[in-house]
Each structure stands twice: as structure tokens, then as C-alpha cells.
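The primary structure of each chain is shown beneath.
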There are 2 protein chains.
Amino acid sequence: MTNQSRTPERTIEDLAEVECLRLIAPGGIGRIAFKSRFGLAVLPVNYRLHEGAIVFRTARHSALDEDLQTGIADADYLVAFEIDEIDKAARVGWSVLIQGPAHRVESETERASAVRAGVEPWPAGERELFVQIIPSRVTGRRILSA
Amino acid sequence: MTNQSRTPERTIEDLAEVECLRLIAPGGIGRIAFKSRFGLAVLPVNYRLHEGAIVFRTARHSALDEDLQTGIADADYLVAFEIDEIDKAARVGWSVLIQGPAHRVESETERASAVRAGVEPWPAGERELFVQIIPSRVTGRRILSA
């Protein structure tokens, strides 16, 4: 059996930004990619889309918190956030990539807005830090049967 | 209802490298994070674990292929590769992070080995390039009910 016969026809199509935002609107699990002290890192987090931004919670003083601190007020690191939904059996699905600054929410006003996002972390304990990713670039693609 | 009551006790535990490799051994969907020309990017790919390395296929001259080319022979970019399995209903799961150089397979010997990995890309078309990630660091964690 050749690879070709085992791989039925599939096509990839690029998704428009409005379609990407529609797909990720329900929230759920996404993966944040960032430069950690040990090189590039990727971690799954539970997110919500709130007022156009990705919002998730992490523990203060966690590795993620510390890796996202630039040490400069109002300066944020650029990160990537990926969300996908893939049907392994049917071999179809979509993925969306958000790129933008990861903002550690510090002010009371910002915090009140982030709390309204209603996002919950899964692990117990002190998950006090809200992180917002304001999309500067939104791209996505879909794999479907040809 | 407070956030606390909606978030039953969960704990995070770090996984040993041997446990991480056991979890990712079946292959499936992983996400590669890399520095693209537009900043950090993350893409889902269909991978296999073969002879201790992550192996996946992509199209030659795709954005991913071109972003992984250093232009220097025997020099590879460092990337991150994340695999997870998350039960959204039970709110438990694990994630594994592989960090290491992403090697574009060019020589015939390497290619023969990569082909034996039997990894298939999902989209149709010319998916000629094999990429190997040789782990230099393997970490993982599990979220479980306390």
C-alpha cells in the first residue's frame, strides 16, 4: 500500500480572520508558545475570548509568569497562541494562530475586565495572574476532504 | 457560585522523562512551535516517535519548510514540540514538551530512516520533506484530581 492510497485527498484552505475568531469564540483549551529561559516552550491553558482578547489565568511566580515579565513597564513579550479542533478518525480539522503581546494584567481596571471573562484555571491553588493576549495577527487553516 | 467551588481540587505533577516518552510513543497530533518570519508560530502536525526522535512530514517550499532553513549546513533551528491529551469534561490530562533542533532530512540515509517511521501527512499533495526533532530536553506535567 502506498502512502498516496493511505492518504485520501485532503485540501488545506486558509481561513479569514472573522472565521478564525468565530471558531475560537467558545473558549476552551489553547496552547501558548513563548520564549522561556530554556528556549521556546508551549503549554496548554484554559482560555476565554473576551473583548477581542485571549484571556487565561496562571499562578503568580510560576515559570510562565516569570518568563512573561519583560521588566519594563508597559512592554510585553510577543507570544503565539494556538487553538485547534481535530478529528483524528476523519482526519479533518482546523487550527487558528493568534500572535500578539502577552500582557500581564496588573491594574485594577484591567483586572476587573479580565475577571468578567469568567475564565477558570484547571489546577487548584493560587492562580492569581490574568494574562491577556491582544491579537496583532490572526491566521488559520482548515484541512478538509477534497 | 464562586470560582473555587466550580474548580474542584486539582494538582499538577511533573512527569519524568521516561513517562513523557511513554505517553507520546503512540504518535498522533503534536504542535510545533518555531520562529517564523512573522514571529512565533505554532502549527499542528501528524507525528511519529521513531528511534527517539519526533518525525513529521511537510511540503517542500511551504512556509514551515522555509522558516526551518538556517542557510547553514548542519545547523538547525531550535524548536518546541508539544503533545497533550486533555479530557475537557473531567478537567484532567497531561502535556509533554520536547525541545530540540528541527532537522530537515536531506541525505538518503537519513531519509530511509525517516520513511521507516511511517508517518503520513494529512493533506494531500507533495509532502516531500521529513523533519526530525531530536529531543534535547523532555518535560511534562499531568493535571489530576487531588
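Draft legend 1. Structural detail: the confidence of the model for chain A. Residue and element names in this part refer to chain A. Scored by pLDDT, chain A comes out at a mean of 87, with 91% of its residues at no less than 70. Within chain A, the lowest mean pLDDT, 39, falls on helix 1 (residues 3-6), and the highest, 97, falls on helix 2 (residues 17-24). Across residues 1-7 the pLDDT falls below 50, and counting only partners more than four positions away or on other chains, this stretch makes 10 contacts in the model. Interface confidence for the predicted complex, given as ipTM, is 0.87, next to a pTM of 0.88.

Draft legend 2. Up close: the pairing of strand 2 (residues 28-36) of chain A. Residues and elements named next belong to chain A. Counting buried residues in strand 2 gives 8 out of 9 residues, a clear majority hidden from the surface. Two elements, strand 2 and strand 3 (residues 39-50), share 9 bridges in a ladder whose sense is antiparallel. If you follow Ser36 over to strand 3, its bridge partner there is Gly39. Between strand 2 and the antiparallel strand that follows it, strand 3, lie 2 residues.

Draft legend 3. Representation of the interface of chain B and chain A in the model. With 43 residues of chain B at the interface, the matching set in chain A holds 43 residues. Buried surface at the junction of chain B and chain A, summed over both partners, amounts to about 3,800 Å²; 60% is from carbon and sulfur atoms. Its largest share of buried area at the contact with chain A, chain B owes to B:Leu40, B:Glu120 and B:Trp122, together 21% of the area lost on that side. Put simply, chain B and chain A have 4 salt bridges between them. Measuring nitrogen to oxygen at the nearest pair gives 3.8 Å for the salt bridge that ties A:Arg31 to B:Glu82. Summed over the shared surface of chain B and chain A, the result is 6 residue pairs in polar contact (both at pLDDT 80 or more). Counting residues per element, the ones that place at least two in the side of chain B that touches chain A are helix 1 (3-6), strand 1 (10-15), strand 2 (28-36), strand 3 (39-50), strand 5 (77-87), strand 6 (92-104) and strand 8 (137-145) of chain B. A total of 7 residues in the side of chain B that touches chain A trace back to one element, the largest contributor, which is strand 5 of chain B. Residues belonging to the side of chain B that touches chain A are distributed by class as follows: 22 nonpolar, 6 polar and 15 charged.

Each value, and the rule that gives it
Residues numbered from 1 in each chain as written. Chains lettered and ligands numbered in written order. Predicted model: local features only at pLDDT ≥ 70, side-chain atom pairs only at ≥ 80, totals over all residues. Heavy atoms only, no water. pLDDT = per-residue confidence, 0-100. Helix = DSSP H or I, 4+ residues; strand = E, 2+ residues; numbered from the N terminus. Contact = heavy atoms within 4.5 Å. Buried < 20%, exposed > 50% of the residue type's maximum accessible area, 1.4 Å probe, protein only. Pairing = 2+ DSSP bridges. Buried area = accessible area lost by both parts, 1.4 Å probe. Salt bridge = Lys/Arg side-chain N within 4 Å of Asp/Glu carboxyl O. Polar contact = N/O pair within 3.5 Å; in protein donor to acceptor, adjacent residues only side chain to side chain. Nonpolar A, V, L, I, M, F, W, Y, C, P; charged D, E, K, R; others polar.

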